[in-house]
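# Residue-level structure breakdown
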Amino acid sequence: SGKVAGMSKIRRSAKGEDCTIRLPGICNFNPETTVLCHPNTHRAGKGKGLKAHDALGAYGCSACHAVVDGVRCNMPRCDVELAFWHGHCETFIKLIQKGLVDIA
């Protein structure tokens, strides 16, 4: 099934990756803190007790992840969301290259 200890291959693939969200003035650029960040919108499948699908995620450092998850910063929310979706695009290409997403 691709899951070990409740973590998907896509989530595990974030380990050691560079942050793709890179929020200006926030990103710590530390691959040791990178995890798969999930979008926090209903349209992406987020709901009470539900995360969006892993294929919609973005590799994010701990600092960017915190802001995506709602920690306040001086950046407009729309800019945070745009950075997340740009990061998602970059992450999605990496997932294809790693063979974790098959688009054929």
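Residues numbered from 1 in each chain as written. Predicted model: local features only at pLDDT ≥ 70, side-chain atom pairs only at ≥ 80, totals over all residues. Heavy atoms only, no water.

## Examining the overall build of the protein
Counting its secondary structure elements, the protein contains 3 helices and 2 strands. Helices (α) and strands (β) of the protein occur, in sequence order from the N terminus, as α-β-β-α-α. Looking at the protein residue by residue over its 104 residues, the buried ones come to 36%. Long-range pairs, those at least 24 residues apart, make up 65% of the contacts in the protein with a sequence separation of at least 6. (Helix = DSSP H or I, 4+ residues; strand = E, 2+ residues; numbered from the N terminus. Buried < 20%, exposed > 50% of the residue type's maximum accessible area, 1.4 Å probe, protein only. Contact = heavy atoms within 4.5 Å.)

## Details of the nonpolar core
Counting 15 residues, the largest nonpolar core has Cys19, Ile21, Leu23, Cys64, Val80 and Phe84 as the members making the most contacts within it. Of all elements in the fold, only helix 2 (62-68) and helix 3 (77-97) reach the threshold of two or more residues within this core. (Core = buried A, V, L, I, M, F, W, Y, C linked by side-chain atoms within 4.5 Å.)

## Let's talk about the pattern of salt bridges
The tally for this structure, following the rule as stated, stands at 5 salt bridges. Between aspartate 54 and arginine 11 there is a salt bridge, with the nearest N and O atoms lying 3.0 Å from each other. Of this pair, aspartate 54 sits in the loop between strand 1 (35-37) and strand 2 (58-60) while arginine 11 sits in helix 1 (residues 9-12); the two residues are 43 residues apart in sequence, bridging distant segments of the chain. Residue classification places aspartate 54 among the buried residues on the basis of a relative accessible area of 10%. Note that lysine 98 and glutamate 17 form a salt bridge whose closest N and O atoms lie 2.7 Å from each other. With lysine 98 in the segment after helix 3 and glutamate 17 in the loop between helix 1 and strand 1, the pair connects residues that are 81 residues apart, well separated along the chain. What makes lysine 98 partly exposed here is its relative accessible area of 37%. (Salt bridge = Lys/Arg side-chain N within 4 Å of Asp/Glu carboxyl O.)

## Some words on the packing of aromatic side chains
Centre-to-centre distance and the angle between the planes together describe a pair of aromatic rings. Across all of its chains, the model carries 1 aromatic pair by this definition. Here the aromatic rings of phenylalanine 84 and tryptophan 85 are separated by 4.9 Å at their centres, their planes lie at 90°, and the arrangement is edge-to-face. For phenylalanine 84, a relative accessible area of 3% translates into the label buried. (Phe/Tyr/Trp six-rings, centres within 6.5 Å; stacked < 30°, edge-to-face > 60°.)

The quantities given are spatial measurements derived from coordinates; they are silent on function.
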